[in-house]
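Below, each chain spelled out in residue letters.
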Amino acid sequence: MTTSPVLLKDGYKVGHKFQYPEGTTLVYSNLTPRKSRNPEIDEIVFFGLQYFIKEYLVRQFNDYFFSKPKEEVLRQYARRIDNYLGKDSITYQHMTDLHDLGYLPLEIKALPEGSLVPMRVPIFTIKNTVPEFFWLTNMLETLLSAILWKPCTSATTAFQYLKTFTRYARETVGDDKGFIPWQGHDFSFRGMSGVEDAVMSGAGHLLSFAGTDTIPAIDFLEAFYNADCEKELIGGSVAATEHSVMCMGTQDAEIDTFERLITQVYPGGIVSIVSDTWDFWQVITEFLPALKDKILARDGKVVIRPDSGDPVKIIVGDDAAPVGSPAYKGAIECMWETFGGTITTQGYKLLDGHIGLIYGDSITTERQLAILEGLKQKGFASYNVVLGIGSYTYEYVTRDTFGFAMKATYGEVNGVGRDIFKDPKTDDGTKKSAKGLMQVFKNTLTGRLELKDQCTWEEEAQGELKTVFKDGRLLTDWTLADIRARVQEHVEQSEKNENKAQTVSA
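Residues numbered from 1 in each chain as written. Predicted model: local features only at pLDDT ≥ 70, side-chain atom pairs only at ≥ 80, totals over all residues. Heavy atoms only, no water.

## Concerning the UniProt feature "domain: Nicotinamide phosphoribosyltransferase N-terminal" (unreviewed entry) in the protein chain
Right, on to step 1. Following the UniProt record, the feature "domain: Nicotinamide phosphoribosyltransferase N-terminal" (unreviewed entry) maps to residues 7-108 here.
Right, on to step 2. Secondary structure within residues 7-108 divides into 42% helix and 16% strand; the distance between the first and last C-alpha atoms comes to 21 Å. (UniProt positions renumbered as here; feature names shortened; annotations may be inferred. Helix = DSSP H or I, 4+ residues; strand = E, 2+ residues; numbered from the N terminus.)

Encoded structure:
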């Protein structure tokens, strides 16, 4: 389905052009995360605006509006609105004028994508550059909000996983951080709300990790963020089975399926085998010991994948299970008893490189922490596991998870500027907006971004918000490498802050 971009808006936006005060010439707005519903997260990772600009403001406006005959565009618009609000409910001259202009008279000033942005600090501002098109600014609110909140939210969630993996790698492995990009694997595609949702979210995941089963997220980053899979690692995965494969081999011959997979189908390299089709503990305690020599003889790794039950108990062990049973010990301890391994520089056990484990069912940040801490308490390094992050994590969120909202804070009427704001008395403060022109600056002591509102135009021109789009043209074109570098800087700074806090506490 293709829809004219001037129709990609809430219905009430149609008449706003006629509702502003007579003489309005400027509307200046911003998009801001206003409130975190997670008390442990007070900053979001900004991501997705460049996609929005390239896909919607440039391609779709050019292909479906400016490049089409004016009569066709106006006929389409009038047909939709006349049958939506009533015939001749509004005039359409403003659409004629926009088509005649031939470009979007807008300026967007944004933070660099990949920035870590505190609550109540805008990620970008937007205003019209030609006075008679003041109505365009907030006409785009619906589309901007619908497209941007999800990639920012998923990028922020992935960043939380990354920080935790990084901390436990430092504590249990040492200086080697090479496995961290593979420890968080995107399994969310099938559970997302459509393909665009999946690829935007999947791209947000890939700012922090390399492991993904969402193949089109790689295409997304090549198309919109200048990535190149032939020159850099964007995302990857390994050969893996599913339950239909294991079932087709029959329950009685399940061990034969394992053996065929690791000796004939994949005699080398990494292969992940789903292992709970019938009896996971039988796989761990009978099949793996029986296949030990063949597994150790391979040039590669066999990855065991449990896919049901409580992931913390299955990986780390269940104290409520009979003492000494496989369920009591947990999968990693059982696999260590069979295969052994090495001791890291931090003094923790790391499974032999020929064997590993991935768990991808209903993993949350809370369960991630419980798994890594549980393994640490038992003397095992964090690198013993890969965790799949699915739609349970990436889809159980809303725009209100971080309170994203686009609001106008400044306007001009008859050449006179007005600081505008909202502050509902019936609200808890979440919906209270900033006022006037905005400057985002970096606090030299904390390094955090902060907001100064009610600025002069001279102050607004300074700070961290830079023009990325103006009058139909993209002016800044970030690469995936740029954005990943910023995310890594934030992780390193988080590590420094945590080390400093521990030192002060000690």
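## Considerations on the environment of threonine 456
Right, on to step 1. Looking at where threonine 456 falls in the secondary structure, it is placed in the loop between strand S18 (449-455) and helix H17 (457-460).
Right, on to step 2. Judged by its relative accessible area of 38%, threonine 456 falls in the partly exposed class.
Right, on to step 3. C-alpha separation for the pair threonine 456 and glutamine 439, spaced 17 residues apart in sequence, amounts to 9.2 Å. (Buried < 20%, exposed > 50% of the residue type's maximum accessible area, 1.4 Å probe, protein only.)

## Concerning the UniProt feature "domain: Nicotinate/nicotinamide phosphoribosyltransferase" (unreviewed entry) in the protein chain
Right, on to step 1. When the UniProt feature table is mapped onto this chain numbering, "domain: Nicotinate/nicotinamide phosphoribosyltransferase" (unreviewed entry) sits at residues 184-471.
Right, on to step 2. In residues 184-471, helix accounts for 34% and strand for 22%; the two terminal C-alpha atoms are 40 Å from one another.

## Some thoughts on the nonpolar core
Right, on to step 1. Leu49, Phe52, Phe124, Phe220, Leu221 and Ile315 are the most contacted members of the largest nonpolar core, which totals 134 residues.
Right, on to step 2. Considering each element in turn, this core owes the most residues, 14 residues, to helix H5 (residues 141-172).
Right, on to step 3. Setting aside anything within four residues of it in sequence, one finds leucine 49 in contact with Ile108, Ala110, Glu113, Phe124, Leu144, Leu148, Tyr225 and Val468.
Right, on to step 4. Core analysis: the second largest hydrophobic core is formed by 7 residues, Tyr28, Tyr410, Ala434 and Leu437 among them. (Core = buried A, V, L, I, M, F, W, Y, C linked by side-chain atoms within 4.5 Å. Contact = heavy atoms within 4.5 Å.)

## Notes on unusual backbone geometry
Right, on to step 1. Phi is positive for asparagine 226, which is not a glycine, with a value near 55 degrees.
Right, on to step 2. As for its position among the elements, asparagine 226 is in the loop between helix H8 (215-224) and strand S8 (239-240).
Right, on to step 3. Even without being glycine, threonine 250 reaches a positive phi, approximately 75 degrees.
Right, on to step 4. By the secondary structure assignment, threonine 250 is in the loop between helix H9 (243-248) and helix H10 (254-265).

## Digging into the sheet that holds strand S1 (residues 24-33)
Right, on to step 1. Strand order in the open sheet formed by 7 strands is S16-S15-S1-S5-S3-S19-S20, and the pairing between neighbours is antiparallel. What marks the edges here is a single partner per strand, and that holds for strand S16 (416-419) and strand S20 (473-474).
Right, on to step 2. Summarising the sheet, strand S15 (residues 404-413) and S16 pair through 4 bridges and their orientation is antiparallel. Bridge pairing in S16 places valine 413 opposite valine 416.
Right, on to step 3. In the packing of H5 onto the sheet, the strands contacted are S1, strand S5 (124-128) and S15, and the crossing angle to S15 comes to about 140 degrees. (Pairing = 2+ DSSP bridges. Axes fitted to C-alpha atoms, helices over the stretch in contact; angles between N-to-C directions.)

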